[in-house]
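An overview of the molecular structure
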Amino acid sequence: MTLSHRITRITGGGPDGWDLFRKARRMIAEGRPVVELTIGEHDIRTDSRILDAMDAAARDGHTGYAAVPGIPELRAEIAHRVTAQSGIATAPEEVLVVPGGQAALFMAHHASCDPGDGALYIDPYYATYPGTIRGADAVPLAVEARARDGFVPRAEAIEAVIDGFEGHARSLLINTPNNPTGAVYGRPALEEIGALCGRRDLWLISDEVYESQVWEGEHLSPRALPGLAERTLVVGSLSKGHAMTGSRVGWIVGPRAAIAALEDLATHMTYGIPGFVQDAALHALRMGPAFEAEVAAPFRRRRDIVARLLAAQDVVRAVPMQGAMYAFLDIRATGLEGEAFALALLGEEAIAVMPGESFGRAAAGHVRVALTVADDRFEDALRRLLGFAAEQARKRGP
């Protein structure tokens, strides 16, 4: 028996970008003391108050089927949060609760693209983006964002990719604050992107899962810009802002007609998520912005550690660290590509970081460092990384 083309081509026939992560995890399983700085997993666990709410809801009987689009209270709370943060009035009927941000990305592309349509995304990109698009039977179209532009995409680059595609481009996926680069798109960039979407009749899919982790500037949801609410699908999640990665609670916010259609997809795809998990999510959201700031605080501290240590040397440079839980480091002065650097660093220093090439061609010559271990351990690992980089640059010579 053969498998479907849709499934077998999800990774595009090549590596999925996670090889170094898997190698590091094998080393850890073998008992080797690796400093794990690869994925965006908090070094704290989900807050006990949220877990208590989850336990109480389950023990009170909320273990049966829950409303597929989300329990009314949770939809209303998400709508209230989005209204407060974006400034645009949002109704519960414009919110669909889904099992995590990844499911939201998958479903948003199903809603916006027919088979064979072009779906644009920005390179560098989160590693699952191209496969998610292929899984929706659309054609992934990468748009390069250049290092000299702070990895913020330019409208002319997006239009050039659209014009070079022989089919019908239907969607554009952006991510701000950005993983892996940490870039936060400002109003001028978002207005430019929004105007392009209107001009070229594109759905705008806005991945905003890092919205509570902004270190410079401010987060602006493009849905709040004039004329964009009717063509924007916003992806949100409790994974990063509330340290609930394993609970798998996310949402899509968009036009009512789109959300109603996506509810039909959810009925046939997931049939909702557990009610007791939704109750815990409701409790988490009601803990308010102060709790989100508490979860984000360690990453702000470690971002400052990166800035301080990088200022004391001249080999490794950082892309401006404006947001998210990563430092995106330019290691081209070592003479190594990101993958070679990351493999050598893992072998010689037992420090695991993600090669830039895992996130696209535009990220070559960079590595992504997750700010996800305790401050003292993180500072020690970064010092060793910088020392390793300096040694590679010395070997390379002038």
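Structure report, in brief. Throughout, a residue's number is its position along its own chain's written sequence, starting from 1. Given that this is a predicted model, residues contribute local features only at a pLDDT of at least 70 and side-chain atom pairs are listed and counted only at 80 or more, while totals for whole chains, interfaces and linings are drawn from all residues. Values reported for side chains reflect all heavy atoms of the structure, with hydrogen atoms and water molecules removed beforehand.

1. Examining the pairing of strand β8 (residues 250–253)
Put simply, side chains in a regular strand alternate between the two faces of the sheet. Note the cut-off: Throughout, exposure labels follow a simple rule: accessible area from a 1.4 Å probe, protein chains only, divided by the maximum for the residue type, with under 20% read as buried, over 50% as exposed, and the rest as partly exposed. Secondary structure elements are defined from DSSP: runs of H or I of at least 4 residues count as helices, runs of E of at least 2 residues count as strands, and each element is numbered from the N terminus. The rule for pairing is simple: two strands pair if DSSP sees at least two bridges between them.
Alternating residues of β8 divide into G250 and I252 and W251 and V253, and every residue in both groups is buried. Inspection of the sheet shows strand β2 (residues 95–98) paired to β8 by four bridges, in the antiparallel sense. In the strand pairing of β8, V95 is matched with V253. In the sheet, strand β7 (residues 232–237) pairs with β8 via four bridges, with the strands oriented antiparallel. Bridge pairing in β8 links G236 to W251.

2. Remarks on the nonpolar core
Nonpolar side chains in soluble globular proteins tend to end up buried together. Here is the rule: In this text, buried Ala, Val, Leu, Ile, Met, Phe, Trp, Tyr and Cys residues form a nonpolar core when linked through side-chain atoms within 4.5 Å. Only heavy atoms enter the contact rule, under which two residues are in contact if any of them lie within 4.5 Å.
L37, V306, L329, V353, V369 and F378 are the most contacted members of the largest nonpolar core, which has 67 residues in total. Sort the elements by how many residues they give to this core and helix α13 (residues 375–396) lands first, with eight residues. Residues within four places of F378 in sequence aside, it is in contact with L37, R302, I305, V306, V369, A370, L371 and V373. Among the nonpolar cores identified, the runner-up in size contains 27 residues, and A79, V95, V277 and L285 belong to it.

3. Remarks on the pattern of salt bridges
In a structure, side chains of opposite charge can pair up when their charged atoms sit close to one another. To keep it simple, the criterion reads: Salt bridge criterion: a side-chain nitrogen from Lys or Arg within 4 Å of a carboxyl oxygen from Asp or Glu.
Here the structure, examined in full by the defined rule, presents 33 salt bridges. We note a salt bridge from R286 to E77, for which the minimum N-O separation is 3.6 Å. Separated by 209 residues along the polypeptide, R286 in helix α10 (residues 275–286) and E77 in helix α4 (residues 72–86) bring together distant segments of the chain. Under the relative-accessibility criterion, E77 is labelled buried at 17%. Salt-bridge contacts for R200 lead to D163; the nearest nitrogen and oxygen are separated by 2.8 Å. Of this pair, R200 sits in helix α8 (residues 187–200) while D163 sits in helix α7 (residues 155–164); the two residues are 37 residues apart in sequence, bridging distant segments of the chain. Given the relative accessible area of 27%, R200 is considered partly exposed. Since its relative accessible area comes to 55%, D163 is described here as exposed.

4. Describing unusual backbone geometry
Residue P124 is reached from D123 by a cis peptide bond, and omega for that bond is 10°. Among the secondary structure elements, P124 is positioned in the loop between β3 (118–123) and α6 (129–135). The residue after N179, namely P180, is reached through a cis peptide bond having omega 25°.

5. Remarks on the layout of surface pockets
Here the idea is plain: a probe the size of a water molecule rolls over the atoms and shows the empty space left. Using the following cut-off: We place a 1 Å grid over just the protein atoms. Points where a 1.4 Å probe fits but has no way out form a cavity, open points with protein on both sides within 12 Å along at least 5 of 7 lines form a pocket, and any residue with an atom within 4 Å of a point lines it. Grid points are joined across faces, edges and corners, and a volume is the space filled by probe spheres set on the points.
There is about 440 Å³ of room inside the second largest pocket. As for the second largest pocket, its lining consists of 22 residues, of which Y126, Y210, S239, K240 and R248 are closest to the centre. Residue assignment for the lining of the second largest pocket shows that the elements contributing at least two residues are α5 (101–112) and β7. Of all the elements, α5 adds the most residues to the lining of the second largest pocket, at three residues.

6. Let's talk about the sheet that holds β3
Quick reminder of the rule: Fitted lines through C-alpha atoms give the axes, limited to the stretch in contact for helices. The angle between two N-to-C directions lies from 0 to 180 degrees.
A sheet is described by the order of its strands in space; here seven strands give the open sequence β2-β8-β7-β6-β5-β3-β4, paired in mixed fashion. Each edge of the open sheet carries a strand with a single partner, namely β2 and β4 (139–144). For this sheet the average axis-to-axis angle between neighbouring strands, irrespective of direction, equals 25°. Sheet topology places strand β6 (residues 203–207) next to β7; four bridges connect them, and they run parallel. Bridging from a neighbouring strand, S206 pairs with V234 of β7. The strands touched by α4 within the sheet are β2 and β8, with β2 carrying the most contacts at an inclination of about 115°.

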